[in-house]
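Descriptive analysis of the structure
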Amino acid sequence: MTDQTFKLPDLGEGLTESEVLNWKIKVGEHVALNQVIAEVETAKAVVELPSPYAGVVQQIHAAQGQVVQVGGPLVTFGDDEPARGKDPEPQPSAGERTPTLVGYGAPAATGARPQRKSRSARTSGAAVAERHEEQRRAVTRCTPPVRKLARDHGVDISMLTGSGEDGLVLRRDVQQAIDAGNGPRATASPAALDAPVRPGGLGDRHVKITAVRRATAKAMVQSAFTAPHATEFLTVDVTESMALVERLRSHPLLKDIKLNITTLAALVVTRLLRTYPALNSMWDEKADEIIEFGSVNLGMAVATDRGLLVPVVKNAQDLPLPQLATALSGIIVQGRAGTLAPAQLSGGTFSITNVGVFGVDAGTPILPPGQAGILALGQVKRRPWEYQGEVALRHTMTLALSFDHRVVDGKEASEFLAGVGSVLEDPGLMNIFI
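In this convention, every chain numbers its residues from 1, walking through the sequence in written order. With the structure being a predicted model, the display of local features is reserved for residues of pLDDT at least 70 and the display and counting of side-chain atom pairs for 80 or more, all residues being used for whole-chain, interface and lining totals. For the side-chain quantities, the full set of heavy atoms in the structure was used; hydrogens and water were omitted.

With respect to the overall build of the protein chain
A run of DSSP states H or I qualifies as a helix once it reaches four residues; a run of E qualifies as a strand once it reaches two. Both are numbered from the N-terminal end. From N to C terminus, the protein chain includes nine helices and 19 strands. Note on classification: 1.4 Å probe, protein chains only; a residue is buried when its accessible area is under 20% of the maximum for its type, exposed when over 50%, partly exposed between these limits. Per-residue burial over the protein chain gives 38% buried out of 434 residues. Reported accessibility uses the Shrake-Rupley method at a 1.4 Å probe radius. Residues are deemed covered only where the shown protein chains occlude them. A total of about 24700 Å² of accessible surface is found on the protein chain, and carbon and sulfur atoms cover 54% of it.

Structure, rendered in structure tokens:
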């Protein structure tokens with residue numbers, strides 16, 4: 001068979017790149033059709049990649065930790081003959097320099113004696129020294145992030161002895177040189193001299209930016225500097241709602257379903273959005289129009305070890321309380337386990353974030369791009385409250401609604417927030433919206 005190169009496919013709408021987390025194959029290994037060959041992390045999920053070809057791995061084009069653009073080469077497959085059985089590549093002439101990829105070392109020696117150059121072909125002593133220095137730097141094996149760490153701290157990585165496999169220079173090798181303070185120093189370039197000095201010291205930790213963190217940062221910047229945010233707050237007495245949740249939990253038909261105040265708030269929101277469609281809409285700059293969505297695709301912010309995710313429950317307005325509770329708990333579990341499909345992380349029209357689980361009373365949430373509203377739920381807290389003409393200890397919660405002021409007027413936002421608060425204070429009013 002002729003060589004076939006597997007390129008990174010489009011793993012979901014709006015995804016332009018993925019980071020290779022780990023390879024499950026190696027060069028020379030025979031791979032079967034649909035065998036999982038790698039795990040990649042997109043901006044939305046960790047995805048296993050099955051092989052579209054069967055054959056022998058001839059070349060792996062991306063290292064672990066490398067970000068690959070959609071359409072970029074990942075693996076080249078050949079027939080059952082190993083890559084070394086192929087015709088040898090043409091060797092460079094005596095006067096031609098062999099190009100070397102930085103970070104991957106020089107090509108392996110062929111075993112033949114090197115051909116001596118004639119005296120007439122020798123260059124000046126300065127040129128020879130410069131070439132020797134370039135070759136010495138090129139053969140230092142390390143990953144790009146490690147090389148950058150060394151460069152940022154002025155460490156000459158070519159002078160380090162790598163503690164990794166086959167002399168690979170690891171992050172800890174560079175960090176030891178930095179901590180020692182007397183490691184081999186690299187000559188600073190004019191650009192480095194002009195760069196701002198970053199504060200630092202002992203105990204600093206350089207954390208690699210993950211695909212999820214990068215996507216979250218991009219989305220937050222895009223939203224914060226595109227949509228004019230406005231946020232309103234409302235503190236409500238949720239004592240009756242908390243009592244209702246306890247009664248529902250003890251019901252035989254609901255005993256295996258996870259119910260809480262967030263579930264109840266989600267039910268209220270999905271029903272009330274039909275009355276206030278502006279909060280379930282999107283500003284379309286290119287089309288010069290506002291799109292009012294016909295269904296409520298409810299996003300739920302989930303804090304995970306990989307960063308913030310906002311999985312979506314599609315058509316949440318049609319789900320009764322038990323099914324909505326099951327769907328919400330399901331995407332939360334999947335999000336924390338890293339098993340969400342890309343389709344579950346897109347298409348949201350309105351979102352909820354529960355900052356109360358962290359012991360916080362309120363916050364000013366940032367809108368997910370393409371959405372006009374997001375509701376933050378604060379912690380449920382017992383505090384003195386006016387109740388039936390007297391002061392009593394009641395369960396209270398602060399609601400914070402952020403909205404896109406291009407789409408939503410203050411009147412609509414205020415009425416929506418007050419409506420959510422009214423139902424949470426008196427759950428019997430839910431009958432109006434169901």
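That was the structure; now back to the text.
Examining the pairing of strand β6 (residues 55-60)
When DSSP finds at least two bridges between two strands, those strands are taken to pair. Where strand β3 (residues 30-31) lies against β6, two bridges are found, and the strand directions are antiparallel. Residue pairing for β6: Val31 is matched across the bridge by Gly55. Pairing geometry for β6 and strand β8 (residues 73-78), over four bridges, is antiparallel. The partner of Ile60 across the bridge, within β8, is Val75.

Notes on the nonpolar core
Here, the term nonpolar core denotes a set of buried Ala, Val, Leu, Ile, Met, Phe, Trp, Tyr and Cys residues that are joined through side-chain atoms within 4.5 Å. One finds Phe350, Leu375 and Phe416 to be the most contacted residues of the largest nonpolar core, which totals 53 residues. The element that contributes the greatest number of residues to this core is helix α7 (residues 261-272), accounting for eight residues. Listed in part, the 18 residues of the second largest apolar core include Phe6, Val20, Trp23 and Val68.

Some words on helix α6 (residues 239-249)
Given 3.6 residues to a turn, an α-helix orients residues that are three or four positions apart in the same direction. Here α6 has its buried residues at Thr239, Ser241, Leu244 and Val245. Tucked into the core, α6 has its buried residues touching β9 (229-237), α7, β19 (390-404) and α9 (410-425). By definition, residues are in contact when any of their heavy atoms lie within 4.5 Å.

Section: the confidence of the model for the protein chain
With 77% of its residues at a pLDDT of at least 70, the protein chain reaches an overall mean of 80. A residue's pLDDT is the predictor's confidence in that residue, given on a scale from 0 to 100. When the criterion is pLDDT under 50, residues 82-111 qualifies, and its contacts beyond four places in sequence or with other chains add up to 26 contacts. Every residue in residues 117-123 scores below 50 in pLDDT, and together they form five contacts with partners more than four places removed in sequence or on other chains.

Topic: α7
To estimate how far a helix should reach, multiply one less than its number of residues by 1.5 Å. An ideal rise of 1.5 Å per residue puts 16 Å on 12 residues; α7 measures up with 16 Å between its terminal C-alpha atoms. Of all 12 residues making up α7, 12 are buried, and the element is well covered by its neighbours.

Structural notes on the sheet that holds strand β7 (residues 67-69)
Strands sit in the order β5-β4-β2-β7 across an open sheet of four strands; the sheet is antiparallel. With one partner strand each, in any of the chains shown, β5 (46-50) and β7 form the two edges of the open sheet. Strand-to-strand twist of the sheet, defined as the mean angle between neighbouring strand axes without regard to direction, takes the value 40°. Where strand β2 (residues 17-23) and strand β4 (residues 36-41) come together, four bridges link them in antiparallel fashion. Residue pairing across strands places Val20 opposite Val40, the latter belonging to β4. Between N-to-C directions, angles span 0 to 180 degrees; the directions come from axes that are lines fitted to C-alpha atoms, helices contributing only their stretch in contact.

Observations regarding the pairing of β19
Direction of pairing for β9 relative to β19: antiparallel, over a ladder of nine bridges. Its bridge partner lying in β19, Ala230 is registered against Phe403. Alignment of strand β17 (residues 373-377) against β19, held across five bridges, turns out to be antiparallel. Paired with Leu375 across the bridge in β19 is Leu401. As paired strands, strand β18 (residues 381-387) and β19 are joined by seven bridges and run antiparallel to one another. The residue of β19 that forms the bridge with Trp385 is Ala392.

Details of the pattern of salt bridges
Close approach of charged atoms allows side chains with opposite charge to pair. We count a salt bridge whenever a side-chain nitrogen from Lys or Arg sits within 4 Å of a carboxyl oxygen from Asp or Glu. Going through the model one piece at a time under the given rule, you end up with six salt bridges. Note that Glu246 is salt-bridged to Arg249, the shortest N-O span being 2.8 Å. Pair noted here: Glu246 and Arg249 are both in helix α6, with a separation of three residues, about one helical turn. The class for Glu246 is partly exposed, based on a relative accessible area of 45%. In this structure Arg249 comes out as partly exposed when scored by relative accessible area, which is 38%. Two residues, Asp404 and Arg406, come together in a salt bridge whose shortest N-O distance is 2.8 Å. For Arg406, a relative accessible area of 26% translates into the label partly exposed. One salt-bridge network, in which partners are shared between bridges, spans Asp237, Glu240 and Arg394.

Details of the side chain of Ser18
As for its placement among the helices and strands, Ser18 is situated in strand β2. Ignoring anything within four residues of it in the chain, the contact list for Ser18 reads Leu8, Leu11, Val40, Glu41, Thr42, Gln66, Val67 and Val68.

Side note on the packing of aromatic side chains
Any two of the Phe, Tyr and Trp rings considered here, Trp counted by its six-membered ring, make a pair once their centres fall within 6.5 Å; the pair's planes then place it as stacked at under 30 degrees, edge-to-face at over 60, or tilted in between. Counting across every chain of the model gives three aromatic pairs. Between Tyr276 and Phe416, the aromatic rings sit 6.2 Å apart at their centres with planes inclined by 80°, giving edge-to-face as the arrangement. One end of the pair, Tyr276, is in the loop between α7 and β10 (281-284); the other, Phe416, is in helix α9, and 140 residues separate them in sequence. The two residues Tyr276 and Phe416 agree in class, both being buried. Summarising the aromatic geometry, the rings of Phe350 and Phe416 are spaced 5.8 Å apart at their centres and angled 65° between planes, so their arrangement reads as edge-to-face. With Phe350 in strand β16 (residues 350-354) and Phe416 in helix α9, this residue pair connects regions lying 66 residues apart in the sequence. For the pair Phe350 and Phe416, a shared accessibility class is recorded, and that class is buried.

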